[in-house]
Structure formats: C-alpha cells, structure tokens
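Architecture at a glance
If you want the building blocks of each chain, they are given just below.
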Amino acid sequence: MKLTPVMEKFVLHWGEMGTRWGVNRTVAQIHAVLYLSPDPLNAEQLTEILSVARSNVSNSIKELQSWQLIRTVSVLGDRRDHFTVLGDTWDMLTTIIEQRKQREIDPTIALLKACVQEMDEQDATPASVKQRIVEMKDFLVSVAGWYEQLRALPKKTLLKLMSMGAAITRFLPKK
C-alpha cells in the first residue's frame, strides 16, 4: 500500500491526535493505516509504510490488540499474521469508549467508593472534602449508568438521537 498525500496527512494527524489522547504516536498511526487499508497488512508492510522500527510496530500491534481495535487475519499463501481494523467507524468509536470506561472510569469509581467507605469509618477527613468525593463518585456512577443505558440501545436509535442534537430537549419537561 502506498500512501497518497491525503492519506499521509490523515495518518500523521491521527498520530498527533493519538498523543493528545494519551496513545503512542506510532500506535495511532498504525491504526490509521489499517483503517484506511482496503486489505489486511502484515507487520513488515506497516514498518515499510510508516518507516518505523519493526519492534515499534510489534509493540504497537500488541497495544491495538489489547484495545480490541484490530484483529489478526490469515492470508492464503502467506504464513505471516496480517492485521485489520475491527468493524466500521461506529464499532471503533464504541470500542474506544468501552475500553476507556473499563480502564479509567471503572477504576476511579472503585477508588472513590473505597474512599467514601474509609471516610465513613473515620472522622479525619474534613466535611467539605467528604462532600466533594461523594459528589464525584455519584457523578461518575451516574455517567457510567447513562453510558450503560445508551450502549444497550440499537445503533439506529443512537444515530437518530445524535442527529437530533439539542432538539431532543423539546421532549424534556419545561421548568
């Protein structure tokens, strides 16, 4: 696969955005290349396309697999592993959201619940701090619950909700 100037711009930008999201630049660039590629690619092809070290590609592939964003596929007549993205853009977005929830939100909720329990068992924490920790826990529990409800909706329904934008507020009670 040869990158056109537009493809290169996309891959470079995706890598830059990856660093802003806390993801290694090469991981994000490999994801971008695999997203754009009509066919599965092997590690050597990715190394050549991106001009990065083979070890960097191997580590990046492992990272993408741990995020469940790519999968290994076999190509007839080639013993090497080939890689492709999982699903479409929607699947990619929902996978990233789910992974971030599992890696960031869920552990934070668990910590905050433990903090609340510990604060209930001792009087050392000032009341204002207790209140803030409880508020944060309640907020994150609410966000996680909302996410679980949305996740259960069919894709078609979610897309319709998204297309409604702020117009959805007309269905809410007036104050």
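Now for a quick tour of the structure. Keep in mind that this is a model prediction, so the values were computed, not measured. (Residues numbered from 1 in each chain as written. Predicted model: local features only at pLDDT ≥ 70, side-chain atom pairs only at ≥ 80, totals over all residues. Heavy atoms only, no water.)

Structurally, phenylalanine 10 is set in helix H1 (residues 5-20). Look at phenylalanine 10 and you get partly exposed, because its relative accessible area is 29%. Beyond its immediate sequence surroundings of up to four residues, phenylalanine 10 is in contact with Ala32, Tyr35 and Leu36. (Helix = DSSP H or I, 4+ residues; strand = E, 2+ residues; numbered from the N terminus. Buried < 20%, exposed > 50% of the residue type's maximum accessible area, 1.4 Å probe, protein only. Contact = heavy atoms within 4.5 Å.)

In this section: the side chain of histidine 82. Note that histidine 82 resides in strand E3 (residues 78-85). Given a relative accessible area of 4%, histidine 82 falls into the buried group. Separated by 3.3 Å, the side chains of histidine 82 and aspartate 78 make a polar contact. (Polar contact = N/O pair within 3.5 Å; in protein donor to acceptor, adjacent residues only side chain to side chain.)

Turning our eyes to something else, we now look at helix H2 (residues 25-36). The end-to-end C-alpha distance of H2 is 17 Å, a good match for the 16 Å that twelve residues give at a rise of 1.5 Å each. Counting buried positions along H2 yields nine of twelve residues, so the element is predominantly enclosed. Burial in H2 covers these residues: Thr26, Val27, Ala28, Gln29, Ile30, His31, Ala32, Val33 and Leu34. (Expected span 1.5 Å × (residues − 1).)

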